[in-house]
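Chain residues, written in single-letter form:
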Amino acid sequence: MEYRVLELFSGIGGMHYAFKYAQLSGEVVAAMDVNTVANAVYAHNYGATSVKTRNIQSLAAKEIKKLNANMLLMSPPCQPHTRQGLQRDVEDKRSCALSHLCLLIPQCDTLEYVLMENVKGFEVSQARQQFIEALDKAGFHWRELILTPTQFNVPNTRYRYYCIARKGKDFNFDNKKIWEHMPGTKPDPDQQSMCKISTFLEPDVPDDFLVPDDVLSKRVLVMDIIHPSQSRSMCFTKGYTHYTEGTGSVFTPLSETQSHSIFEAVKQIDMDPNSKDSEEAQKQKLELLRQVKLRYFTPREVARLMSFPEEFEFPAETRNRQKYRLLGNSINVCVVGELLKLLTT
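Residues numbered from 1 in each chain as written. Predicted model: local features only at pLDDT ≥ 70, side-chain atom pairs only at ≥ 80, totals over all residues. Heavy atoms only, no water.

J.: Can you walk me through the nonpolar core in this structure?
T.: Proteins that are soluble and globular tend to have nonpolar side chains buried together. One finds Met71, Leu115, Ile164, Leu294, Phe297, Leu339 and Leu340 to be the most contacted residues of the largest nonpolar core, which totals 75 residues. When residues in this core are grouped by element, the largest group, eight residues, is from helix α11 (residues 333-344). Residues Leu8, Leu101, Cys102 and Cys108 belong to the second largest nonpolar core, which totals 34 residues. (Core = buried A, V, L, I, M, F, W, Y, C linked by side-chain atoms within 4.5 Å. Buried < 20%, exposed > 50% of the residue type's maximum accessible area, 1.4 Å probe, protein only. Helix = DSSP H or I, 4+ residues; strand = E, 2+ residues; numbered from the N terminus.)

J.: Got a minute to help me understand the packing of aromatic side chains in this structure?
T.: What characterises a pair of aromatic rings is the spacing of the ring centres plus the angle enclosed by the ring planes. Inspection of every chain in the model, using the stated rule, returns 15 aromatic pairs. Here Tyr42 and Tyr46 contribute two aromatic rings whose centre-to-centre distance is 5.3 Å and whose plane-to-plane angle is 45°, an arrangement assigned as tilted. Of the two residues, Tyr42 and Tyr46 both sit in helix α2 (residues 36-46), four residues apart, roughly one turn of that helix. Aromatic rings pair up to connect Tyr17, Tyr42, Tyr46, Phe308, Phe312 and Phe314 into one cluster. The ring of Phe171 is capped by Arg166, whose NZ or CZ atom sits 4.1 Å from the centre of that ring. Lys177 extends its terminal NZ or CZ atom over the ring of Trp179, reaching a point 4.0 Å from the ring centre. (Phe/Tyr/Trp six-rings, centres within 6.5 Å; stacked < 30°, edge-to-face > 60°. Lys NZ or Arg CZ within 6 Å of the ring centre and 35° of its normal.)

J.: When you look at the sheet that holds strand β2 (residues 26-33) in this model, what are you seeing that I'm missing?
T.: Strands pair in a sheet through their backbones, by hydrogen bonds, and they do so in one of two ways: parallel or antiparallel. Here eight strands make up an open sheet; going across it, the order is β3-β2-β1-β4-β5-β7-β6-β8 and the pairing mixed. Taken across any chain shown, the strands that pair with only one partner, and hence form the sheet edges, are β3 (51-53) and β8 (178-179). In the sheet, strand β6 (residues 141-147) pairs with β8 via two bridges, with the strands oriented parallel. Within the sheet, the bridge partner assigned to Leu145 lies in β8 and is Trp179. Across the sheet, helix α1 (residues 14-21) touches β1 (3-8), β2, β4 (71-74) and β5 (113-119), and the angle it forms with β1 is around 155°. This element, α2, spans β1, β2 and β3 of the sheet and lies at about 165° to β3. (Pairing = 2+ DSSP bridges. Contact = heavy atoms within 4.5 Å. Axes fitted to C-alpha atoms, helices over the stretch in contact; angles between N-to-C directions.)

Encoded structure:
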């Protein structure tokens, strides 16, 4: 079958890469997003005619029919459902585009396949209820899953909600629950087969990526520090490098033993009641912390952990801060690619 893909909330093209990863026959006939910076990255990788700066709420059913799109891939805004947000759900104006699509889907006879990604938490939202009702009304069979890249031997934790839906043949696995692993696989990944973080690293990373002294001095205790021999990293969000806690891991080339001994020495300085107001003690502490050589993961390394291929690149004018924001808002290509295989099998 030739798949004609409509990619909505397309961002930097993660779904497009997932479609290529799945090696399905067909093409992305249109991609749409309101973010002009993301669209510039998409166009840089796929050509200027491949993506349109467009408010999804202006999309009409007749346009989808005209495109003859039979597959819809989308990752709608997650902010209405994030743990850190206000969780206003359908009352959040950023939910309006998905609500609009829920009206369109039953009107689009050409659509046969749908894949949607969102944050964990979406599964208990009113928006999810709207979406499922739209799929039912349009005659889709659907399944829901919450998966993370570590289940696919990628050392990055990024739990996300997924819904796959198709017309015609139903899926051959249970629809009475939200799956927390791929059907036919073990729930927990084999840690022995997990890739080491070192295989994702760039050589000779410049000092620009070192954690700044002020962050080292004040925030090092809340950082998630990764060593070369480890096979894990935490979810990278759009706030990576801008905020310290909960936005992504940092890396040290030192072993766990080496860094532990340095942190023990720092701890001894902190426990000394005379060191708090001592400029010399704080200077000594900073010198010790610098020895850990803590640095941020580069945008290329984050892209690798999100399974983007090496051919993916940012335009030269894209700043690092923008790269982290765009990657934080994107999807894991491997996870979605595997789900596309499941969807079309």
